[in-house]
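The primary structure of each chain is shown beneath.
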Amino acid sequence: MQEIIMPQMGQSVEEAEITQWLKQEGDSVAEGEPIFTIQTDKAEIECESTATGVLRKILVPEEVEVPVLTVVALVGAADEDLPDLAQYAVGTESTPAASPAPTPASEAAAPETAPAPEAAPAAPSEAPVPSAGKGFASPRARAAGKRLDIDARALPGSGPGGRVLEEDVLAYHEAQESVPSTPSARRMAKMEGVDLTAVPASGPRGHVLKEDVRQALASGPAAAAQAPLPEASGEGKVIPLTPMRRIIAERMVQSKFSAPEFYITVEVDMKNAVAFRTSLPHFKPSFNDLVLRATARAIQDFPQVNARWLGDAVEELPDINIGFATALPEGLIVPVIKQIQKKSLQDINRETKELAGKAQAGKLTPEDYSGNTFTVSNLGAFGVDTFTAIINQPDSAILAVGQIKDRVVVIDGGMQIRPIMKLTLSSDHRVLDGAVSAQFMGRLKEILENADF
Amino acid sequence: MPKSIMVDPRKVRKATQVKVGAIPVNQYKKTVKQEIKDNKDLSAGRCLRIYRDMVLIREFESMLDSIKKTQKYGDVSYMHAGPAHLSLGQEAAAVGECIHLGVEDHIWGSHRSHGEVIAKGLRAVEDLQGAELEAVMTSFWDGRVLKTVETHEPDWEGLKVGVRNAFKTTEAEERGVDFLIYGLLAEIFARETGFNKGLGGSMHVFFTPFGIYPNNAIVGGSADIATGSALFKKCQQQPGISVANIGDASSGCGPVWEALGFASMAQFKKLWDGAYRGGLPMLFNFMNNFYGMGGQPIGETMGYDFISRIGSGVNPENMHAETVDGNNPLAVAEAYKRKKAILLKGDGPVLLDVQCYRQTGHSPSDQSSYREREEIEMWRKADCIVEFGEKLIAAGVAKQADLDAIKAYAERKITKAAKLATDQAISPYLKLTADAGVAPIMFSNRIDEDLPGIREGDVLMPMEECPRVKLIAKKSRKGIAENGKVLKGNKAVTFGEAIFESVLHHFYHDSRLVAYGEENRDWGGAFAVYQGLTECLPYHRLFNSPISEAAIVGTGVGYALEGGRALVELMYCDFLGRAGDEVFNQMAKWQAMSGGFCQMPMVMRVSVGSKYGAQHSQDWTTLCAHIPGLKVVFPATPYDAKGMIATALSGSDPVIFFESQRLYGQTETIHPEGVPKEYYRIPLGEPNMVKEGSDLTLLTFGATLYRAQEAVAILEKEHGVSVELIDGRSLVPFNYDMLVESVKKTGKLILSSDACERGSFLHTIAGNVTQMAFDYLDAPPAVVGAQNWIVPAYEQEDDFFPQPHWIVDAYHTQIKPLAGYTPVSDRGVEALMAEKRFGIC
Ligand SMILES: Cc1ncc(C[n+]2csc(CCOP(=O)(O)OP(=O)(O)O)c2C)c(N)n1
Ligand SMILES: [Mg+2]
């Protein structure tokens, strides 16, 4: 019997949901043949079977989000005995309480009544209780923490004054490892410094799920510091978060609270650009393509804009990868044109079309929407004159593009009507200073106004 | 005290008088003419030589004076920031002294000794010229000094002066003169091509192949060291005498008086046997220029009218003391001739008061605010060179033109040396880096794997017949019996006996070895470590010294610098202060200050006391470990003590060998194999793993080890903390490998010793380990030292010295709180800070 697992699609993907099984139990399936489609944080992807035989058991039904690398199906010979299915129950995660409980993958995997989470393994009774740390950890403890991916300073310590010792980290690690939990729950707990032994488990057979960790976080001391979240009033329609919605929320909050932004707006006279666009014999780029092309050229003159904040340094990146925000019914996605500095306007035109099409069809791969170094967001199509966008980290700046509209402008002392477009750059002040951003915008304006594509 | 000297009350109580005979002052009366006629040693040529030597010194010092004051000498421009204590006006004293000194006579000097270096050097060049001189010059620093004066402006044109050309120099001699002047000046200017690679400098420069031994910037420092040199000549039956050139004001220094006493010990003439009987060939030469820096010994800072009077307080011969006219080279030479004969006859020591006058300041910056211009003028009128020149002309030995030729010659010689020694390309500085320059010569690290053997008369009986050897033979070599019982010192070999065994071995295999200190003979040292040695060894190998800690150590330094092997003893560590300079500035420094040319095979045994309170119980290992140039060891078990003293006595470096009085009766309970009967060596600097463990590293030095063992028992049995116990054994050198490996394993470190916590060497180790293994540390290294108080009475010592529970407390409060444990002392950070504020902790 061979296991089919939920594939890891891109680095940041932790969990995915099978949107559709393309084969049913009893169907035969060959290695390389599409077997199900999944919805990740950002896109829908077709997954191929990694085994040949009969699809004997579907372990994860459609529309249930499971951590990547979870076994989702078993493929084997038609007459082979099925193994004990209980072992595969681990990865199933319940959806939030507000939505109807999903159908369990199988009877065998039906969650048992979740046992009360076990208390942290009791330290030898006579040992002094580690006191809540003041955030001090010995160098050795910190080294162990680094090795095990644990923030030692967040742990209670058994040294003098609550100093965290190596043994505290090791004990914590052992305790965490011994708590039945899903891989994504463990990852989140580690990242956020949540003690799994103290998280009530709601998963099958006492497993702590990622949702449990999230809730522990929300109710933990860290959450308390933030504004309290409102309770559902019961009158409105409660819409459960899609993975994409959740990701957008997390990213935007993170960006807004970490990057000190400032904004610069310029008006661009698009007269020459309009003429240029219609003068091309073989293809007709969109205005957005022109903006992308011009932006790429301006960035080449101001590579500081194409940089990321490393905490203790700033890294200027060699390749210019511009993402362009694309609205979807369920949220938004930012496909990326890689190495745009090497591409012609025609290439850009072709690629934006291709990527936009894939985005609308939910066919973008994680590769398509990662690696951005700069982002352009264009709301011109919605009749917006000017707006400010939130930086799409790890970028250091984002360009917000408004509509092109005829306006009266004064030129050489006389009134004239010109197609005007307003561009607003949001810059991360840790990386960029006003003067650089202003010069960059000046150059961008110049390129567009001279139609120097 | 030897039994042969009866203290008879009838004699002691008899009425009598101490008679102090006359001490001659300025009795020399001869003219140059008379000398040339009567004295076969004083030809006309010799007199011209004397004149040349004085003029060379005058020119040399004038050159330095000019460079210091104007940054110029002729065409040479140079800024010299370092010292230049000049002897302008004192040339006759220096040259007169050296007329009768051979290469085998060794002079030791002061901060003001350029003149003596030149005078003695010129004399040696004259004596050695030919193959011997060439061999010295071509081998010294691989011929580098010689090559410098050969390659650049070689000018070997000899002098030919005097009536009937009475004084001529050869090319060979002129090469030697240039070698000498340049080697000296390059050293003064701190150049790698100097006699001591620039590591000695003006106040310390020396060149032993010419019999010129270290000059000392510590006033009076040469008195006891030179005495050690004379001791070496006596004990090793070497030719020649030793001279300490020290200033008049140094007669106020304690170690100078200690040296006078040491050199005059009655035992040399009364108790030492056979060829060894007789006074030390030691001459104390006070260069009496009537001033310290500004203070005046005669009439102001001392009580004597003549320095020579001191002799009458030292021995019945008044030390053959005499005051001579140091302004007249012939007067000094005549005195030296007579005194040297006394010394070689075995009737030393001798004290000479050589009156002279320093015409310029103490150093070129000195404004001479302490003396009348008139006084300086009077002495300038009596200038020794002018006066002697006039006498030469009067005696018909030279014409003015000869004297002028000598002056021109001196200018030529000094100009050449000045040009070369100030030229950075020709005379570079030694590169000083972490592993080049001084670093590799701080220690010479030689081990004599094979000892040279002994001479006839060096021992009094076969080793096996030594009664103590027979006694020890009956004892168990192990401190723990088969049945696990710890054996007492009456049943098993003790710490003291273990040291005795190695020392005895060395006495029977190395004739260079001498041992002395207070009550070392008969008594065997206050703690009887040498008990039984008196029966085996004649006086010249083991003797009692006066209670003169400075001289005990200082003579050891001189003895070792001469190539001997000195084993000296300080009865208590607390007496170390009395020998502070000798330990910290002399014993520690001369290997490196010689540029790596000399070695210091010297071991100083020091016992660390207890029971006797504040001035008899201190562990001062830290003080010694702080001083670069000393090896500092502190074994704690018989096995280690025996092996480590053997290594110390086989090595070429100065070793301070600490022994705890608590341990002299200790049997071997740490090393299960016991104390081997055979001779063996344990390398210095390697700590010993007493016991392995996994949770805590505990490092100790000295007797604290045994209290640490008790702490280990508490920690392991009552608290389940597994302890790795390491005995440091040696502070300097210290191989960190074992300790760092251990800390990497355990993450936790406690260090303990009986030294006061403040500034303890343990903090140095703790700091180093923190650097070497920071990421492995699970807690800060905790130092458990003695209190920063005076040591209290025996009954209260447990409140002062680290106790087992202090170590447990340190673990509990500084590393990890122990379940159900109540600390006995408060070792927390706040208590620590409060005490420090008060100056206690
Ligand atoms: C132990 C010590 N104390 C003080 C000094 C500072 N010092 C250097 S030379 C000197 C005067 C020494 O006088 P003296 O011994 O007569 O020698 P002189 O300088 O007259 O040749 C003093 C006080 C020193 N170098 N060493
Ligand atoms: Mg003087």
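Residues numbered from 1 in each chain as written. Chains lettered and ligands numbered in written order. Predicted model: local features only at pLDDT ≥ 70, side-chain atom pairs only at ≥ 80, totals over all residues. Heavy atoms only, no water.

**Some words on the overall build of chain B**
- Each helix and strand counted, chain B has 29 helices and 22 strands in total.
- On the principal axes, the C-alpha backbone points of chain B span a range of 100 × 70 × 50 Å.
- The buried share of chain B, reckoned over its 841 residues, is 62%.
- Sequence separation of 24 or more characterises 78% of the internal contacts of chain B that already satisfy a separation of 6 or more.
- In the form shown here, chain B has an accessible surface area of approximately 31,900 Å², with 54% of it arising from carbon and sulfur atoms.
- Positive and negative side-chain charges of chain B, numbering 89 and 104 respectively, have mean locations separated by a distance of 5 Å. (Helix = DSSP H or I, 4+ residues; strand = E, 2+ residues; numbered from the N terminus. Buried < 20%, exposed > 50% of the residue type's maximum accessible area, 1.4 Å probe, protein only. Contact = heavy atoms within 4.5 Å. Areas by Shrake-Rupley, 256 points an atom, 1.4 Å probe, with all protein chains shown as cover. Lys, Arg positive; Asp, Glu negative; His and termini not counted. Charge placed at Lys NZ, Arg CZ, Asp CG, Glu CD.)

**Description of the environment of B:Gly563**
All names here are of chain B.
- Looking at the secondary structure, you find Gly563 in the loop between helix H20 (549-561) and strand E13 (565-570).
- Under the relative-accessibility criterion, Gly563 is labelled partly exposed at 38%.
- Separated by 149 residues in the primary sequence, Gly563 and Ile414 place their C-alpha atoms 33 Å from one another.
- Excluding residues within four positions of it along the chain, Gly563 makes contact with Phe232 and Arg512.

**Focus: the coordination of the magnesium ion (ligand 2)**
Residues and elements named next belong to chain B.
- Coordination of the magnesium ion (ligand 2) by the protein comes from Asp248 (OD), Asn289 (OD1) and Tyr291 (O), over a distance range of 1.9 to 2.1 Å.
- Binding-site remark: the magnesium ion (ligand 2) is held by donors from one chain whose sequence spacing is D-x40-N-x1-Y. Of this pair, Asp248 sits in the loop between strand E7 (242-247) and helix H10 (254-263) while Tyr291 sits in the loop between strand E8 (282-288) and helix H12 (297-301), placing them 43 residues apart in sequence.
- For Asp248, a relative accessible area of 2% gives the class buried. (Donors = N, O, S within 2.8 Å, 3.2 Å for Na, K, Ca; no water.)

**Digging into the packing of aromatic side chains**
- For the coordinates displayed, the defined rule picks out 36 aromatic pairs over all chains.
- On the basis of an interplanar angle of 65 degrees and a centroid distance of 4.9 Å, the ring pair of A:Trp21 and A:Phe36 is categorised as edge-to-face. Here A:Trp21 is found in strand E2 (residues 15-21), whereas its partner A:Phe36 is found in strand E4 (residues 34-39), with 15 residues between them in sequence.
- Aromatic pair B:Phe140 and B:Phe597: ring centres 5.1 Å apart, planes at 65 degrees, arrangement edge-to-face. Pair noted here: B:Phe140 is in the loop between helix H6 (131-139) and helix H7 (144-151) and B:Phe597 is in the loop between helix H22 (590-593) and strand E14 (602-608), with a separation of 457 residues, a long-range link.
- Of the residues examined, B:Phe140 reaches a relative accessible area of 3% and is grouped as buried.
- For B:Phe597, a relative accessible area of 38% gives the class partly exposed. (Phe/Tyr/Trp six-rings, centres within 6.5 Å; stacked < 30°, edge-to-face > 60°.)

**Re the packing of helix H8 (residues 287-301) of chain A against helix H9 (residues 345-360) of chain A**
All names here are of chain A.
- Closest axis-to-axis distance for the H8/H9 pair is 10 Å, and the angle between their directions is 125 degrees. On the basis of their axis angle, the class for H8 and H9 is oblique. Crossing hand, H8 versus H9: right-handed. Contact residues: Asp289, Leu290, Leu292 and Arg293 in H8; Leu345, Ile348, Asn349 and Thr352 in H9. (Axes fitted to C-alpha atoms, helices over the stretch in contact; angles between N-to-C directions. Parallel < 35°, antiparallel > 145°, perpendicular 65-115°, else oblique. Left-handed = near helix turned anticlockwise from the far one by under 90°.)

**As for the environment of B:Leu146**
All names here are of chain B.
- Note on placement: Leu146 falls in helix H7.
- A relative accessible area of 3% places Leu146 in the buried class.
- As a C-alpha pair, Leu146 and Phe179 span 33 residues in sequence and 5.7 Å in three-dimensional space.
- In contact with Leu146, not counting residues within four places along its chain, are Glu134, Met137, Thr138, Arg175 and Phe179.

**Some remarks on empty space enclosed by the protein**
- For the coordinates displayed, the defined rule picks out 7 cavities of 30 Å³ or more.
- Roughly 120 Å³ of volume is contained in the largest cavity.
- Across the lining of the largest cavity, the residue classes break down as 6 nonpolar, 3 polar and 4 charged. (1 Å grid on protein atoms, 1.4 Å probe; cavity = no way out; pocket = protein on both sides within 12 Å on 5 of 7 lines; lining within 4 Å. Points joined across faces, edges and corners; volume = space filled by probe spheres on them. Nonpolar A, V, L, I, M, F, W, Y, C, P; charged D, E, K, R; others polar.)

**A closer look at the site of ligand 1**
All names here are of chain B.
- In the vicinity of ligand 1 lie 14 residues, with His111, Arg112, Ala217, Asp248 and Ala249 positioned nearest.
- Within the backbone of Ala217, one N or O atom sits 2.8 Å away from a nitrogen atom of ligand 1.
- Residue Tyr291 places a main-chain N or O atom 2.9 Å away from an oxygen atom belonging to ligand 1.
- Out of a free accessible area of 580 Å², ligand 1 has 71% covered by protein chains.
- Looking at the shell around ligand 1, its residues break down into 6 nonpolar, 6 polar and 2 charged. (Near = heavy atom within 4 Å. Polar contact = N/O pair within 3.5 Å; in protein donor to acceptor, adjacent residues only side chain to side chain.)

**Focus: helix H10 (residues 434-449) of chain A**
Residues and elements named next belong to chain A.
- Under the 1.5 Å per step criterion, the end-to-end length of H10 is 22 Å for 16 residues, consistent within 8% with the ideal 22 Å.
- Residues Val436, Ser437, Phe440, Met441, Arg443, Leu444, Ile447 and Leu448 constitute the buried set of H10. Relative to the axis of H10, the buried residues are bounded by an arc of 160 degrees and lie together on one face.
- The inward-facing, buried residues of H10 abut strand E9 (261-269), helix H7 (271-279), H8, strand E16 (374-378), strand E17 (397-411) and strand E18 (414-428).
- A positive backbone phi angle near 50 degrees is found at Ala451, which sits one or two residues after H10. (Expected span 1.5 Å × (residues − 1). Arc of directions from axis to C-beta.)

**Quick notes on the interface of chain A and chain B**
- The interface of chain A with chain B comprises 17 residues on the first partner and 20 residues on the second.
- Surface buried jointly by chain A and chain B totals about 1,200 Å² across both partners, of which 53% is contributed by carbon and sulfur atoms.
- Run the count over chain A and chain B and you get 2 salt bridges.
- Taken together, chain A and chain B are joined by 11 residue pairs in polar contact (both at pLDDT 80 or more).
- Every element with two or more residues in the side of chain A that touches chain B is listed here: helix H1 (139-148) and helix H2 (166-178) of chain A.
- Considering every element that reaches the side of chain A that touches chain B, the biggest residue donor is H1(A), with 5 residues. (Buried area = accessible area lost by both parts, 1.4 Å probe. Salt bridge = Lys/Arg side-chain N within 4 Å of Asp/Glu carboxyl O.)

**Quick word on the sheet that holds E4(A)**
Residues and elements named next belong to chain A.
- Taken together, 4 strands build an open sheet; the order of strands is E5-E4-E2-E7 and the sheet is antiparallel. Pairing within the sheet leaves two strands with one partner each, and these edge strands are strand E5 (44-48) and strand E7 (65-67). Each strand of the sheet is rotated relative to its neighbour by a mean of 40 degrees, with strand direction disregarded. (Pairing = 2+ DSSP bridges.)

**A short note on the side chain of B:Asp224**
All names here are of chain B.
- Positionally, Asp224 belongs in helix H9 (residues 221-235).
- Although Asp224 lies buried, it forms no salt bridge, and the closest oppositely charged side chain, Arg578, sits 12 Å away as judged by the N-O distance.
- Once residues lying within four places of it in the same chain are set aside, the contact partners of Asp224 are Pro255, Ala259, Ala550, Ala551, Gly554, Thr555 and Glu582.

**Section: the sheet that holds strand E19 (residues 723-727) of chain B**
All names here are of chain B.
- Sheet architecture is open: 5 strands sit in the order E17-E19-E18-E21-E22, paired in mixed fashion. Both outer strands of the open sheet, strand E17 (688-691) and strand E22 (782-786), are each paired with one neighbouring strand and no more. The average angle at which neighbouring strand axes cross in this sheet is 25 degrees, direction not considered.
- Of the strand pairs in this sheet, strand E21 (residues 749-756) and E22 are connected by 4 bridges, and their pairing is parallel. By the bridge assignment, Ile750 is partnered in E22 with Ala782.

**Some points on the domain arrangement of chain A**
- Domains assigned within chain A are domain 1 (2-98), domain 2 (139-230 + 239-245) and domain 3 (260-449).
- Of note, the centres of domain 2 of chain A and domain 3 of chain A, computed from C-alpha atoms alone, are 40 Å apart. (Domains from an automatic or database assignment.)

**Regarding the pattern of salt bridges**
- Applying the stated rule across the entire model yields 71 salt bridges over all chains.
- One salt bridge in this structure joins A:Arg418 and A:Asp269, with 2.5 Å as the shortest N-O distance. You can see A:Arg418 sitting in strand E18 and its partner A:Asp269 sitting in strand E9, a full 149 residues away along the chain. The pair A:Arg418 / A:Asp269 is uniform in exposure class, with both members buried.
- We note a salt bridge from B:Asp305 to B:Arg309, for which the minimum N-O separation is 2.9 Å.
- Because the salt bridges share partners, they merge into one network encompassing B:Arg46, B:Arg49, B:Arg52, B:Asp53, B:Glu126 and B:Glu173.

**Quick notes on the packing of helix H18 (residues 495-509) of chain B against helix H24 (residues 638-650) of chain B**
Residue and element names in this part refer to chain B.
- Interaxial distance between H18 and H24 falls to 8 Å at its minimum, and their mutual angle equals 25 degrees. By the angle between their axes, H18 is roughly parallel relative to H24. Judged by the twist between their axes, the crossing of H18 over H24 is right-handed. The segment H18 lies against H24, with Phe495, Ala498, Ile499, Glu501, Ser502, Val503 and His506 engaging Pro638, Ala641, Lys642, Ile645, Ala646, Leu649 and Ser650.
- Looking at the contact of H18 with H24 residue by residue, the classes come out as 9 nonpolar, 3 polar and 2 charged.

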